Amino acid sequence: MPRTLDPELRRALAARIRYYNEMGIYDFYRRPLSAVAEDVSAPVAVNEGEIAVSMNQPESGEEMSPRKAAVVAVPRAIDENIFEVIALKPEQSVSDPVKALKIIREDLGDCTRCVLHKQGRKQIVFGVGNPTAELMFVGEGPGADEDAQGEPFVGRAGQLLNNMIKAMGIEREQVYIANIVKCRPPGNRTPERDECATCSPFLMRQIAVIKPKVVVALGAVAAKTLLAMNASMMQLRGRFYDFRPAGVRVNDRSNEPRWDGCKLAVTYHPAFLLRDPRQKGEAWKDLQMVMNELGMKPPEKKDA
């Protein structure tokens, strides 16, 4: 029968895992101690109660690599729920998604976790829309209009996104819209990698609360951050990816339907389409793929 983990060791293990979370490592996998002992590449020998972690860290100068993972080897005869307890987020104690999103927003606070808070932002742009939406759009970051109004996609790119949503036969209020980073980068520059890594865990929690059927990543920054991979838009578009929010448990309440993640599609950012309208047809192909997945039909054209 598994024994309860020593409280002091439990605290140390929890602190270690939180440390890896802060480094951007969210995925942990159990394996038998014998497997660690046989693996000559394992960085540490493991005694009972100790942790062995294998981190896939990028080499210096390397482009964004696949999602970092940590392999944690622990004795079998310990508390089997240790990782579940550690991974539990405060919003997962409530069933109302509106309240859950509010908890995440309160946890975000007047965020000072990265340099963007001292580079001219007026306010945090959290996200907007239907908290139980089947379809969610994720962009790059707020622009000047969004920073002023506190809502994502309200400028020229936002107007185009609204038109794209209407072309799908639905309204903006029926979807949920957010960004990878919630503060405006100065001069609308592309968010830095560490800024995305710092802010995206809150987005992952939002996605886990909303539980959409499809997430549409708008542009390369959103796609590469959500998928944790480096590829061109040409390579990323035209297919669905199985997606689960990194670092967040998604099935915590037994009285709710099971959610095993969603499909993720990639298309061009509306701001890019404003610069190169020739790609609008390609973006529409991506949205049609999403519509087919959701069983949606575009509105019938009215006769003139």
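Just above, that's the structure.
All values derive from a computational prediction rather than experimental measurement.

What counts and what doesn't
Residues numbered from 1 in each chain as written. Predicted model: local features only at pLDDT ≥ 70, side-chain atom pairs only at ≥ 80, totals over all residues. Heavy atoms only, no water. Pairing = 2+ DSSP bridges. Helix = DSSP H or I, 4+ residues; strand = E, 2+ residues; numbered from the N terminus. Buried < 20%, exposed > 50% of the residue type's maximum accessible area, 1.4 Å probe, protein only. Contact = heavy atoms within 4.5 Å. 1 Å grid on protein atoms, 1.4 Å probe; cavity = no way out; pocket = protein on both sides within 12 Å on 5 of 7 lines; lining within 4 Å. Points joined across faces, edges and corners; volume = space filled by probe spheres on them. Nonpolar A, V, L, I, M, F, W, Y, C, P; charged D, E, K, R; others polar. Axes fitted to C-alpha atoms, helices over the stretch in contact; angles between N-to-C directions. Parallel < 35°, antiparallel > 145°, perpendicular 65-115°, else oblique. Core = buried A, V, L, I, M, F, W, Y, C linked by side-chain atoms within 4.5 Å.

Trainee: What should I look at first to understand the sheet that holds strand E8 (residues 262-267) in this one?
Mentor: Strand pairing in a sheet relies on backbone hydrogen bonds, with the paired strands running either antiparallel or parallel. Spatial ordering of the open sheet is given by E3-E5-E4-E6-E8-E7, a layout of 6 strands whose pairing is mixed. The open sheet is flanked by strand E3 (128-129) and strand E7 (241-243), the only strands paired with a single partner. Bridge analysis of strand E6 (residues 214-218) against E8 gives 5 bridges, and the strand direction is parallel. Opposite Val215, over in E8, you have Leu264 as the bridge partner.

Trainee: Whenever I open this one, the side chain of Arg205 confuses me. Can you help?
Mentor: Structurally, Arg205 can be placed in helix H7 (residues 193-210). We classify Arg205 as buried; its relative accessible area is 7%. Those residues in contact with Arg205 that lie beyond four places of it in its chain are Lys89, Pro90, Glu91, Ile104, Asp107 and Val248.

Trainee: It is not clear to me how the layout of surface pockets should be interpreted in this structure. Could you clarify?
Mentor: The method is simple in principle: a probe with the dimensions of a water molecule rolls over the atoms, and the space it marks as empty is what remains. Put simply, the second largest pocket is a space of about 510 Å³. Of all elements in the fold, only helix H5 (144-149), helix H6 (156-167) and helix H10 (270-275) reach the threshold of two or more residues within the lining of the second largest pocket. By residue class, the composition of the lining of the second largest pocket is 11 nonpolar, 8 polar and 6 charged.

Trainee: When you look at the pairing of strand E4 (residues 135-139) in this model, what are you seeing that I'm missing?
Mentor: The two faces of a sheet get side chains in turn, since along a regular strand they alternate between them. Judged by how many residues are buried, E4 sits mostly within the fold: 5 of 5 residues are covered. Going residue by residue along E4, you find Leu135, Phe137 and Gly139 tucked away on one face and Met136 and Val138 tucked away on the opposite face as well. Note: E4 against E6, 4 bridges, orientation parallel. Its bridge partner lying in E6, Met136 is registered against Val215. Inspection of the sheet shows E4 paired to strand E5 (residues 176-179) by 4 bridges, in the parallel sense. Each bridged residue has a counterpart across the sheet, and for Gly139 the counterpart in E5 is Asn179.

Trainee: Any chance you could explain empty space enclosed by the protein here in plain terms?
Mentor: Under the defined criterion, the tally for this structure stands at 2 cavities of 30 Å³ or more. Within this model, the largest cavity holds a volume of roughly 80 Å³. In terms of lining residues, the largest cavity is bounded by 14 residues, among which Cys111, Cys114, Leu116, Cys183 and Cys199 are the most central. Counting residues per element, the lining of the largest cavity draws most heavily on H7, at 3 residues. Along the lines of polarity and charge, the residues of the lining of the largest cavity split into 8 nonpolar, 3 polar and 3 charged.

Trainee: Would you mind showing me how to read the packing of H7 against helix H8 (residues 220-227) here?
Mentor: The description of two helices packed together rests on the angle between their axes and the distance between the axes. Contact pair H7 / H8: the axes reach a minimum separation of 11 Å and the direction vectors enclose 75°. Classified by the interaxial angle, the pair formed by H7 and H8 is roughly perpendicular. Judged by residue contacts, Cys196, Ser200, Leu203, Met204 and Ile207 of H7 engage Val221, Thr225 and Leu226 from H8. When its residues are assigned to classes, the contact of H7 with H8 shows 6 nonpolar, 2 polar and no charged.

Trainee: Help me out: how do you make sense of the nonpolar core in this one?
Mentor: One finds Leu135, Met136, Phe137, Met168, Leu226, Leu264 and Val266 to be the most contacted residues of the largest nonpolar core, which totals 68 residues. It is H7 that provides the largest number of residues to this core, a total of 9 residues.

Trainee: Explain the packing of helix H4 (residues 97-108) against H7 here, please?
Mentor: Look at H4 against H7: their axes get within 9 Å of each other, and the N-to-C directions meet at 170°. Compared by their axis directions, H4 and H7 come out roughly antiparallel. Within the contact between the two elements, H4 uses Pro97, Ala100, Leu101, Ile104, Asp107 and Leu108 and H7 uses Phe202, Arg205, Gln206, Val209 and Ile210. Considered class by class, the residues forming the contact of H4 with H7 number 8 nonpolar, 1 polar and 2 charged.

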